[in-house]
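Here's the letter readout for the chains.
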Amino acid sequence: AVAAALAAAGLGLGGGAEGAGQAAGQAGCTRARAAQAAVLFAQHAVACASEVLMPNGQPCQLRAGLHTGDVVSGVVGHRMPRFCLFGDTVNTASRLESHGVPGRVHISQATMQALEAGGSHGFQWRWTAQSNVRMKGKGPMTTYLSQPFVGPSGDAAAAAAAEPEPKAPRPAERCLPCPPAGRHGRQQPAA
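Thresholds applied
- Residues numbered from 1 in each chain as written.
- Predicted model: local features only at pLDDT ≥ 70, side-chain atom pairs only at ≥ 80, totals over all residues.
- Heavy atoms only, no water.
- Helix = DSSP H or I, 4+ residues; strand = E, 2+ residues; numbered from the N terminus.
- Contact = heavy atoms within 4.5 Å.
- Areas by Shrake-Rupley, 256 points an atom, 1.4 Å probe, with all protein chains shown as cover.
- Pairing = 2+ DSSP bridges.
- Axes fitted to C-alpha atoms, helices over the stretch in contact; angles between N-to-C directions.
- Buried < 20%, exposed > 50% of the residue type's maximum accessible area, 1.4 Å probe, protein only.
- Arc of directions from axis to C-beta.

Trainee: Honestly, the overall build of the chain in this entry has me stumped. Any pointers?
Mentor: A count of helical and extended segments in the chain gives four helices and six strands. For the chain, the α and β elements follow one another from N to C terminus as α-β-β-β-α-β-α-β-β-α. Residue pairs in contact within the chain that sit at least 24 positions apart in sequence constitute 67% of those at least 6 positions apart. Summing over all exposed atoms, the chain offers an accessible surface of approximately 11200 Å²; the carbon and sulfur share of this is 56%.

Printed below as a string of structure tokens:
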């Protein structure tokens, strides 16, 4: 069985009419914080999944794709209503995920710009630029692939030891539930 999940950060921050009154600096700050939250979530989800062993004894590996931009949301359906997100941002994030590497996070240029605008907040983001990645409907894009997560202490050795090396994609297999939070040894940012 193949499973897919979608997570969004920063919904309701005001990109449309309700956000028109925000100062440009304030809007950029909220978008940057949403991008940071999304990257942290993706990094931790990838790390958590890598601790779970699949029935074949191999660690579960996730791919994550992140793009920053506007979306349209709504509830679809009468008998079984579902909250849905629509738009080019969702499609681009999906394509980043499918072009990604298991065990890593793949982000767009827009997300990288949001991260840079928001500062590090104690985290040392490490990315490798991927030039001219061809994506359906988008053409060539510059994207970024994550390197092992480094927490506020800068302990890259511990982070590198915790991150699995990327492997070739395998057929989808059943993955067991994620262990309790905090077991992957990642440090949280200081408040």
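Moving on, there is more to tell.
Trainee: Please explain the sheet that holds strand E6 (residues 139-146) as it appears in this structure.
Mentor: The strands making up a sheet associate through hydrogen bonds between their backbones, and the pairing can be parallel or antiparallel. The four strands lie next to each other as E1-E4-E6-E5, forming an open sheet whose pairing is mixed. In this open sheet, the two strands that pair with only one neighbour each are strand E1 (63-66) and strand E5 (127-135). Taking the axes of each pair of neighbouring strands and ignoring which way they run, one obtains an average angle of 30 degrees across the sheet. Looking at chain direction, E1 and strand E4 (residues 104-108) are connected through four bridges and run parallel.

Trainee: Mind showing me how you'd approach helix H2 (residues 88-98) here?
Mentor: Those residues of H2 that fall on the buried side of the exposure criterion are Thr89, Val90, Thr92, Ala93 and Leu96. Looking straight down H2, one finds that the buried residues subtend no more than 165 degrees of arc, so they occupy a single side. Residues of H2 that are buried in the fold lie against E1, strand E3 (82-86), E4, E5 and E6.

Trainee: Explain unusual backbone geometry here, please?
Mentor: The phi angle of most residues is negative, glycine excepted, and most peptide bonds adopt the trans form. In the Ramachandran plot, Asn132 falls in the positive-phi region, its phi being about 55 degrees despite a non-glycine side chain. Following the sequence through the fold, Asn132 ends up in strand E5. Taking relative accessible area as the criterion, Asn132 reaches 59% and is therefore assigned exposed.

Remember, this is a structural readout, not a statement about activity or role.
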